[in-house]
Amino acid sequence: MPGLSLVTVGASLAPADPAQLLPAREQMAFTLGFHIILVPFGVAFTFLMLIANARGIRRNDETALLLARRWSQVAAVLFAVGAVSGTVLSFELGLLWPRLMGTYGAAFGIPFAIEGLFFFLEAIFVAIYVFGWQRMRPWPHFWTGVPVVLSGIGGTLSVVAANAWMNQPGGFTMRDGKIVEVRPLEVIFNGAFGFEAIHMLLAAYMVAGFVVAGVYAAGMLRGRRDRYHRLGLAIPLTVAALVTPLQIFVGDIAAREVYRNEPAKFAAIEAVPTTGTHVPEVLGGYYANGKVHGGIKIPSGASLLSGYSPSTRIQGLDAIPAEVRPPDRLVTIVHLSFDVMVGIGTALLGLSAWYALAWWRRRDLPRSRWFLRATTISGVLAVVALEAGWVVTEVGRQPWTVTGHLLTRDAVTTSGNLWLFFAATVALYVAVGATTVYVLRLLRRRWRDQGGATETDVPYGPARGPEATPAAGQA
Amino acid sequence: MSTFAAVVLFIGVTAYAVLGGADYGAGFWDLTAGGARRGRDPRHLIDQTLAPVWEANHVWLIFCLVMLWTGFPSAFAAIMTTLYIPLGLAALGIVVRGSGFAFRKVVVKTDQQRATGAAFATSSVITPFFFGTIAGGIASGRVPADGHGDPVTSWVNPTSLLGGVLAVGVCAFVAAVFLTAEARTRADAHLEGWFRRRAQASAVATGAVALAGIAVLHADAGRLFDGLTGRGLPLVLISAASGLASIALLHRAEPRLLQALAVGAAGTVVVGWGVAQYPYLLGTHLRLDEAAAPDATLASLTLVAAAALLLVVPSMALLFVLHQRGRLDTA
């Protein structure tokens with residue numbers, strides 16, 4: 001493993017894991033797993049909204065404008081939940097991983113500082129855009145949405161830069177366990193930055209595209225085949241279908257980068273027990289006692305994919321020093337998550353091709369009900385693939401938090417009963433998650449009852465007079 | 001270099017205390033506005049005033065966290081390993097507050113609005129209280145430089161409790177003045193009176209707490225007391241004068257002037273804390289320059305701060321101006 005310092009390894013051999021390690025990892029995984037579902041809606045859903053908005057203004061298309069406006073209301077709710085669940089993550093970096101932040105904050109923090117800037121801009125312009133429908137003129141209003149999309153992209157790149165730095169740390173010099181020199185550009189543009197950032201960004205666009213398309217496909221399956229639903233399906237699905245092949249290309253590059261620069265993670269992804277050539281690609285199966293059990297083996301597949309030749313040598317798990325070798329259980333998790341991600345990606349590529357073919361031939365959606373069924377579940381699948389991808393990169397780095405420098409068990413806090421904090425967090429997030437779903441369904445029912453455009457929903461209409469108080473009281 | 005980074009950090013703390021604080025304070029008045037019918041109008045105004053701005057104001061908190069952990073990482077770790085109880089509770093409070101507010105805007109049935117609104121309002125009171133206790137723990141030197149201070153007494157102590165109560169009071173006061181000004185802009189005499197009475201009451205209550213606080217600090221946090229009565233005294237006096245002036249002028253002054261005075265009253269207290277503490281970050285045991293990250297990191301933070309000045313400040317001004325001119329439809 002490059003950069004592996006024997007000193008750090010030796011120092012960490014000492015006692016058993018702190019009691020806080022398991023709850024801290026569970027909590028981080030849970031809250032990050034929750035937050036990441038919201039990310040595509042802040043980052044990419046807003047782009048879909050702007051497409052509908054521009055189309056609506058340019059072609060005087062009331063339906064497109066109605067979609068854009070309703071999407072912005074959904075985005076507002078999800079952005080709020082995402083903003084607060086993202087804040088929790090900031091707290092958790094300190095509350096759960098004080099030794100990561102205390103020692104490496106001077107380097108690791110820099111991308112977050114840049115992200116803070118983008119988050120500011122995003123929050124400001126989301127508000128202007130969401131609340132600007134009634135009283136701003138169409139094009140100026142549209143342009144207030146553009147910084148939302150741009151800062152969403154910038155924010156994603158910054159946060160992923162921080163994560164990529166944990167995978168391939170660089171740009172700092174340590175002396176006596178303290179960072180004494182930082183090279184900010186090397187921190188930000190670390191080895192894993194490029195492919196990870198683009199991979200995540202495209203993933204966000206895929207998730208938003210397939211999820212939103214799925215919502216309208218479900219409506220069409222129930223017989224609502226009006227133009228509103230067709231457009232609501234076509235805009236996001238077109239974006240997702242354009243992004244998916246690109247994503248598969250980028251994912252392929254990413255895998256080869258991981259092969260080259262993060263060999264331990266690659267060994268777990270492919271579940272390679274021993275270093276060698278002609279390594280088979282195993283689909284499925286599980287890893288136990290130095291062997292892969294079950295699964296379908298494609299001879300020399302992994303070697304071919306990583307170096308275009310069956311004689312490509314792949315480092316196995318046996319090459320990792322025993323004290324920092326991931327346990328079998330984690331190898332299986334990483335390996336299966338990778339298979340799930342790639343499998344779903346391939347299926348979504350198929351759906352994209354189906355859609356593209358129909359559009360190319362007839363300028364219309366495919367007629368089959370199976371197409372609508374597939375689109376309906378594509379959103380759920382895309383979310384699963386997103387989560388699986390994060391499992392690959394995060395679990396695949398274990399036992400390290402900062403590869404080669406800081407073990408997760410040395411990063412974790414040593415004070416407090418974290419199970420209590422974790423339990424409270426799960427209870428709260430379940431309530432918030434359930435209410436979010438409830439509120440979105442409420443909006444859907446309200447809009448369905450309104451049918452198409454109603455007066456209050458027509459954007460850029462004349463300013464309304466005094467109206468009923470929407471937010472009346474409570475106790 | 002480290003002083004400059006500390007100034008940037010403290011600008012963030014002050015901005016969050018004032019702007020974020022006003023949003024929390026609005027939640028205080030929401031909570032105490034009475035039953036569904038009686039509290040309907042004030043809650044409506046609170047809703048309309050907060051909706052477009054609270055998220056942008058909230059980002060100041062993220063800004064502070066990031067500046068602290070990047071610019072002064074060891075101090076960040078020390079604070080987090082000591083004050084983890086109030087910090088954890090504040091984090092959960094933030095989730096309840098933000099999502100409760102966002103949900104209340106969508107639901108229409110009274111009982112659902114009651115539940116989401118109560119979640120928003122209750123957590124709007126609890127969260128600043130915890131932030132106040134955290135500030136008190138830091139200011140009274142209860143966070144050791146290596147962290148892992150006492151998890152209970154670091155925030156359950158006279159200075160922290162004073163900080164918590166004062167935070168809730170100041171938030172409520174600033175919010176009441178803002179909402180009085182907002183009601184006047186909308187020419188709503190009834191609501192103007194409603195919030196004006198509350199601004200006056202909260203000013204009196206907060207002033208009394210602050211006066212009592214002098215004795216508390218004298219007994220419990222000598223160094224902070226010395227700083228506030230020495231180097232920080234002008235700021236403390238400005239704060240008191242702004243607070244009194246805003247109450248005296250509450251009937252007549254321009255809304256804009258009222259808001260400025262409330263901001264002045266709250267902001268100078270926070271700045272005063274910073275001035276009193278300089279050049280230490282934690283108690284008298286960790287100086288800013290000892291806790292600071294290497295220069296290149298601080299230079300990066302300076303660049304980010306400059307970019308914020310160029311991009312974020314005008315954008316935020318645009319948001320506030322559009323909001324004040326009624327260009328944002330919050331219904």
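Everything below is about the structure shown above.
Caption draft 1: Region of the structure containing the interface of chain A and chain B. Each partner contributes to the interface: chain A provides 65 residues, whereas chain B provides 73 residues. At the level of elements, helix H4 (62-95), helix H5 (98-131), strand E2 (178-182) and helix H15 (418-450) of chain A are the ones that each hand at least two residues to the side of chain A that touches chain B. Ranked by residues supplied to the side of chain A that touches chain B, first place goes to H5(A) with 22 residues. For the side of chain A that touches chain B, a count of residues per class yields 42 nonpolar, 18 polar and 5 charged.

Caption draft 2: The arrangement of the packing of helix H1 (residues 2-31) of chain B against helix H6 (residues 110-139) of chain B in detail. Residue and element names in this part refer to chain B. One way to put it is that H1 packs onto H6 with a least axis distance of 8 Å and a crossing angle of 125°. Classed by the angle they form, the pair H1 and H6 counts as oblique. Handedness of the H1/H6 crossing: left-handed. Every residue of H6 that contacts H1 at Gly21, Tyr24, Gly27, Phe28, Asp30 and Leu31 is listed here: Gly117, Phe120, Ala121, Thr122, Ser124, Val125, Thr127 and Pro128.

Caption draft 3: Spatial organisation of the pairing of E2(A). All names here are of chain A. Both strand E1 (residues 172-175) and E2 contribute to a ladder of 4 bridges, which runs antiparallel. Within the sheet, the bridge partner assigned to Arg175 lies in E2 and is Lys178. The antiparallel hairpin formed by E1 and E2 contains 2 residues in its connecting segment, where Asp176 sits at a positive phi of about 50°.

Caption draft 4: Representation of the packing of helix H2 (residues 21-43) of chain A against helix H13 (residues 369-395) of chain A. Residue and element names in this part refer to chain A. Interaxial distance between H2 and H13 falls to 10 Å at its minimum, and their mutual angle equals 135°. Here H2 is positioned oblique relative to H13, judged by the angle of their axes. Note on packing geometry: the crossing formed by H2 with H13 is right-handed. Residues Gly33, Ile36 and Ile37 of H2 pack against Val383, Leu386, Glu387 and Trp390 of H13. Residue composition of the contact of H2 with H13, by class: 5 nonpolar, 1 polar and 1 charged.

Caption draft 5: Just the nonpolar core, in detail. Core analysis: the biggest nonpolar cluster contains 286 residues, and A:Leu48, B:Val174 and B:Ala175 have the highest contact counts within it. Here this core gets 24 residues from one element, more than from any other, and that element is H5(A). Dropping the residues within four chain positions of it, B:Ala175 is found in contact with B:Ala22, B:Gly25, B:Ala26, B:Phe28 and B:Trp29.

Rules behind the numbers
Residues numbered from 1 in each chain as written. Chains lettered and ligands numbered in written order. Predicted model: local features only at pLDDT ≥ 70, side-chain atom pairs only at ≥ 80, totals over all residues. Contact = placed C-beta atoms within 7 Å. Helix = DSSP H or I, 4+ residues; strand = E, 2+ residues; numbered from the N terminus. Nonpolar A, V, L, I, M, F, W, Y, C, P; charged D, E, K, R; others polar. Axes fitted to C-alpha atoms, helices over the stretch in contact; angles between N-to-C directions. Parallel < 35°, antiparallel > 145°, perpendicular 65-115°, else oblique. Left-handed = near helix turned anticlockwise from the far one by under 90°. Pairing = 2+ DSSP bridges. Core = buried A, V, L, I, M, F, W, Y, C linked by C-beta atoms within 7 Å. Buried ≥ 20, exposed ≤ 12 C-beta atoms within 10 Å, placed from the backbone.

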